[in-house]
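One letter stands for each residue in the lines below.
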Amino acid sequence: MRICHTLLSLVLIMALSGTAWGEDVAVSGATEDCLACHVDVTPGIVADWKNSLHYRTTPADALQKPDSARRVSAKTIPQELADVTVGCAECHQLNAAEHADTFDHEGADVHVVVTPRDCATCHPIETEQYDRNKMAWAHTNLNGNPLYRQLIGVVNGPYTFSDGRLTVSTPDDRTNAESCNHCHGTAVQIAGTVTRDTSQGTMEFPVLVGWPNQGVGRINPDHSRGSCTACHTRHMFAVSTARQPYTCAQCHKGPDVPAYKVYEVSKHGNIFSTHKQDWDFKAVPWTAGQDFAAPTCAVCHISQVVDAGGNVTAQRTHAMNDRLPWRLFGLIYAHPQPKSPDTTVITNQAGLPLPTELTGQPVKAFLIDQAGQSDRTQTMQGVCRSCHASGWVEGHWANLENTIHQTNAQTLAATRIILQAWDSGVVKGPGAQDSPFNEALERLWVEQWLFYANSTRLASAMGGADYGVFADGRWFLTKNLLDMAEWLEHRRPAAK
Amino acid sequence: MRICHTLLSLVLIMALSGTAWGEDVAVSGATEDCLACHVDVTPGIVADWKNSLHYRTTPADALQKPDSARRVSAKTIPQELADVTVGCAECHQLNAAEHADTFDHEGADVHVVVTPRDCATCHPIETEQYDRNKMAWAHTNLNGNPLYRQLIGVVNGPYTFSDGRLTVSTPDDRTNAESCNHCHGTAVQIAGTVTRDTSQGTMEFPVLVGWPNQGVGRINPDHSRGSCTACHTRHMFAVSTARQPYTCAQCHKGPDVPAYKVYEVSKHGNIFSTHKQDWDFKAVPWTAGQDFAAPTCAVCHISQVVDAGGNVTAQRTHAMNDRLPWRLFGLIYAHPQPKSPDTTVITNQAGLPLPTELTGQPVKAFLIDQAGQSDRTQTMQGVCRSCHASGWVEGHWANLENTIHQTNAQTLAATRIILQAWDSGVVKGPGAQDSPFNEALERLWVEQWLFYANSTRLASAMGGADYGVFADGRWFLTKNLLDMAEWLEHRRPAAK
Amino acid sequence: MRICHTLLSLVLIMALSGTAWGEDVAVSGATEDCLACHVDVTPGIVADWKNSLHYRTTPADALQKPDSARRVSAKTIPQELADVTVGCAECHQLNAAEHADTFDHEGADVHVVVTPRDCATCHPIETEQYDRNKMAWAHTNLNGNPLYRQLIGVVNGPYTFSDGRLTVSTPDDRTNAESCNHCHGTAVQIAGTVTRDTSQGTMEFPVLVGWPNQGVGRINPDHSRGSCTACHTRHMFAVSTARQPYTCAQCHKGPDVPAYKVYEVSKHGNIFSTHKQDWDFKAVPWTAGQDFAAPTCAVCHISQVVDAGGNVTAQRTHAMNDRLPWRLFGLIYAHPQPKSPDTTVITNQAGLPLPTELTGQPVKAFLIDQAGQSDRTQTMQGVCRSCHASGWVEGHWANLENTIHQTNAQTLAATRIILQAWDSGVVKGPGAQDSPFNEALERLWVEQWLFYANSTRLASAMGGADYGVFADGRWFLTKNLLDMAEWLEHRRPAAK
């Protein structure tokens, strides 16, 4: 490789070697080659990585830990990786042949996009679980559903107005990447190469389309699904990041899925905000009451939780649906979770790619049954019972199920209004070969379920009632019905 | 009592005894009985309680502290409680005869719902003050006011749509519990018993209706009002929780009363967010400038505040109205605070249960007078003067009073529109024996005062102007008037 | 000067002297005179100041620091200030003759409002830079622009409704001070004097109009522009405050400029929220990766950032525009930054005081050119490259520029609707000598650019996509177009 431009970099590397990787930390030669320049070129991520467990531990050492404290789930780890710390080369040069983004970089086969398949080398169980999670399928489930594509189209535009009429055309890929696919994930593809003048001389790099992106359902250049860094933020990859609600808030704060906003006004969120600095977000296993005094998102949905005696209250899972009997948000009606994380397989009786009929009946063939719901309810309630007595848990759950029932009924009322509008021809819907989302009244209908019913349910599920009344909940759920009914009554004659 | 199932629990208890309550901490025998199982059954709250002062101190020791540092306000404490730490039994078995929720649990008379009357054993002054606080009456004042019940009805639904018409029926109790009464408090009642299989065998428990709930005005099974754990979060009951704004945010963040959102964008909120980790939230007394560098909600509204010399700037009060000359939110117009915390006694000249006429005139007989307002203003301004010179305080106050005047005027403009709509019959109001809240235009009128005027006033009161302009303040306060006036102009002919 | 009332104060001062300024800290005699009373009268700010560098360091010592670590930018500092700590008198008695707010206070010439010109004594480069910042001109640029004054008028009201018509009159100064000018800054003026009974006896003070205020473009009693305490919060004046996003959130959180809300849901914001307690917000110079693991607002827009070797990645600037090629918010269309921070000089071809035509074309004579934009882009991208490779940075930038293009197009569509409404006479606009902001449809048009296009752009610029889809972004950007078009179609006949 070329000589780095600045002598300073070499001095720095030597300084770092003396105190850190040269002696105490087994950095591989390949990674040392990377660092020789990158400590200078991208100093921030090098410093960040030096704060990581990846830097301080080797996989061989990680394998020695007792099962309850292990963070690697592989039984064995390839010999060439086992005794070196997990550095640049260990991830960015792994599985090179499978990566369409691999390129020759200073003599090494490097790829830009590290994927779940790469991470599975040491973390195979988490990767397998995650692939059973709808989140891994978030790009596919959204972009592969013709009905949702219609929604994307009218939300992202672009619109033009001329001759007194609005016209919408197909959104461009960059707009979709900055909108829906930012969280759902892009499909990262290779579009030739580009030559850049760098501080180390002229170099050639691949051009990646759909990059940067860290969406949870990203389609990667090795054909894998997902992005571990969506939650395990690079380059520290700390469990203490993923366990805090700020990580989930990246994608779960808007009015369509305001989980974080609900959490913030819940008693649990209050305890977290007030006392988090006294908690241990790094401990594995993670002990209820001792390491944390109230759940974060991860406690209820993902983490292995144990009691003070080390008994496992809930097994770790990266398939969040394992603890979820109901699908509360994202669709027109709340319904039992789908059986498969790939929801593009679902079709209702009316032929629409939806898990319920437009009038709310669940499409049972594709959804888990009552026994499946009951299993998941038991798992989730097990976490609740770490701190709450049975009467508390049962009362809370009955309230939530009542909220599901009531909000579905308010969505049905809105749907009956839009169905009447479609039937009477005042609004053009699917029956008229038109999108169900592209007129003003249809937008109100979408807000009924996508914003207000969802928000009300999340507020009930997580005990953050303040968000479910006036913030984006029942006030708007019922006001919107009045607005829709009034629109239908007053606009119909004018539009005919 | 039965033998616990797991040997582990016994080991744990012994371990805890060795280091903690067995030697250094005077846990009562009755509480040790509880812990014998509950360290295993609900480990989270046992661990949480072990972080509390209740666990580490006995009432007798607490009584020894100098007045300024005391957290108990009782002169004497019953002998049987004085020399043991405040554990499970000391609260959940107290006043058993008065509690309709008392049941036989493993040989002990236990009640689920600990109430202000229970807490008053050691904290009588706080309990007495709190009962003079409108918050203690929050359930009663809301649910006992026929006008507000109409509002609850149209907000919580449920609505159905058939034959081209929306119809609303009475909301069920669980919906109200998850909506208004989550913060206002439910009325907790007993509805028979239930038998459960538990890890300790089959047991019988009371069935509580309106549970779980920790609303500030909860009606308890011992007929007391309120819930101390709304702010003094169980089972740590830390003053450091109640003193942080996250506690208040549980119920004061939505657009009807966005105090927390205003605080967040105020200079005070900025200082809190930036420097809170360096503050002492546990100190009693609480010294301005030394223990905290900017007020939290508690500083201005509740806490005893002293200067570096120990002089009391403001006396502690759990009747927040003691420092509040104006009632800024919740009602149609801002007005002087009511004399009684029980606002169900109020009737205006038009016979409506409101503290002002519909056109804004305060109903003086039920409200404090100017002298009373002046006293409260002086108390609040005393807190301001810990850091601000008189010119600053007077300028701030003049701005606030101007905002009260101006926002009341903008509510009056909206009210004149709705009055004209009612008079002309295009909207059916109280004069036509109809709810004033159940039509689309009436919803806009409610938003004028409940959201926009309130938000603008809170933004002015707490120096968080960013929230009071475009977030939910003056932009919408005036835009809403244009929308209402336009509705009246365009819809009237169509509706006739 | 008079004897303080309480003996306690003297004791306190002696105690403080013993431990602090009497021995180790060189407090001036003039400041000791202030403190003699103010430790008692305003104890909070005295305690706050004692936590400041101003208290612990003298300017002479500050001048000894190496350039990279210096916080004072003056080459020399007046002898009378150099060897004493920066206390009350050093700021509040400085430049007395230039201050219209100077008054005789206990024998000293004191002014209330400390201004950038005062701060420039030690921090001249920062003051000079800040005056090139549009923020210093925020009062002038808003209040000196006749078009914006029309917007202020209709937003702040007040409106009255009588005889079926809404009428708006001119907002009063206190309302403007609590609304737009809270952040933009008031013009602080002197209106006579007032006599107050104080704890130290009867005293006379100046009456300040437009006070309190700490808006970024405040017009001061010494005719200077700006308020350093807007960000460098008094009386600690800590760089650690200004470097945290809570400071910026004071004015950049509402829907017109939701930078903080976007940051919160960005990956950068997540890292900040999760790990900030481990960062060093006080270090000068500020080292990427070492002192902080993700940028705060200050990192990208203001701070001097260095790498681990001390190489400067970005020079400190208090003229934020130095790193900004585009003006993303506040105006109808995103456009290149204006050349002058005084934007009252700008007029478009149609004669309106706007930097673009109503149809979006930039008014090039007043805006920086492509070369100027390119320079600023390079500066900003230099900060990105501390952690991100070139492919990442270029992809991000291309997405942002696409978002600018697309959101401007969606604003153009809305503008074509309002232009047609004006042309047809159904809405009265500038052509009919009427305000472009005072009718309901015009309000929707303003929300298109002021809320939705702005929010979408900020979400793209800062990687907080969740805010730019459903929160206040593309969903509303396109829904609003449908609402506007529908209004035009249905209301036109009725209004004729």
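Note: the structure precedes this text.
Residues numbered from 1 in each chain as written. Chains lettered and ligands numbered in written order. Predicted model: local features only at pLDDT ≥ 70, side-chain atom pairs only at ≥ 80, totals over all residues. Heavy atoms only, no water.

Undergrad: Give a description of the interface of chain C and chain A that names residues and reports values.
TA: Counting residues at the interface gives 59 residues for chain C, matched by 66 residues for chain A. Roughly 5,200 Å² of surface becomes buried between chain C and chain A when both sides are summed, with 58% attributable to carbon and sulfur atoms. Joining chain C to chain A, the criterion identifies three salt bridges. Run the count over chain C and chain A and you get 26 residue pairs in polar contact (both at pLDDT 80 or more). Looking at side-chain class alone, the side of chain C that touches chain A contains 22 nonpolar, 25 polar and twelve charged residues. (Contact = heavy atoms within 4.5 Å. Buried area = accessible area lost by both parts, 1.4 Å probe. Salt bridge = Lys/Arg side-chain N within 4 Å of Asp/Glu carboxyl O. Polar contact = N/O pair within 3.5 Å; in protein donor to acceptor, adjacent residues only side chain to side chain. Nonpolar A, V, L, I, M, F, W, Y, C, P; charged D, E, K, R; others polar.)

Undergrad: Summarise the packing of aromatic side chains; cite the residues concerned and give the values.
TA: What the rule picks out here adds up to 57 aromatic pairs over all chains. Seen from their ring centres, W286(A) and F292(A) are 4.6 Å apart, and the 50° between their planes marks the pair as tilted. Judged by relative accessible area, which is 5%, F292(A) ranks as buried. Sitting over the face of the ring of W286(B), R243(B) holds its NZ or CZ atom 3.9 Å from the ring centroid. In this structure, R443(B) packs its charged tip against the face of W475(A), placed 4.3 Å from the ring centre. (Phe/Tyr/Trp six-rings, centres within 6.5 Å; stacked < 30°, edge-to-face > 60°. Buried < 20%, exposed > 50% of the residue type's maximum accessible area, 1.4 Å probe, protein only. Lys NZ or Arg CZ within 6 Å of the ring centre and 35° of its normal.)

Undergrad: Describe the state of the cysteines, and please don't skip the residues or the numbers.
TA: Taken as a whole, this structure holds three disulfides over all chains when the rule is applied. Each disulfide pairs two cysteine sulfurs, and for C183(A) the partner residue is C251(A), the sulfurs being separated by 2.2 Å. Judged by the sign of its S-S torsion, about -95°, the cystine formed by C183(A) and C251(A) is left-handed. Here the residue C183(A) occupies a position in helix α13 (residues 180–184), and C251(A) occupies one in the loop between α15 (245–249) and α16 (259–265), the gap between them amounting to 68 residues. We note that C119(A) lacks a disulfide partner, and the nearest cysteine sulfur, in C228(A), lies 3.8 Å from it. C119(C) provides the cysteine sulfur closest to C91(C), a residue in no disulfide bond, and the two sulfurs are 6.5 Å apart. (Disulfide = S-S within 2.5 Å. Helix = DSSP H or I, 4+ residues; strand = E, 2+ residues; numbered from the N terminus.)

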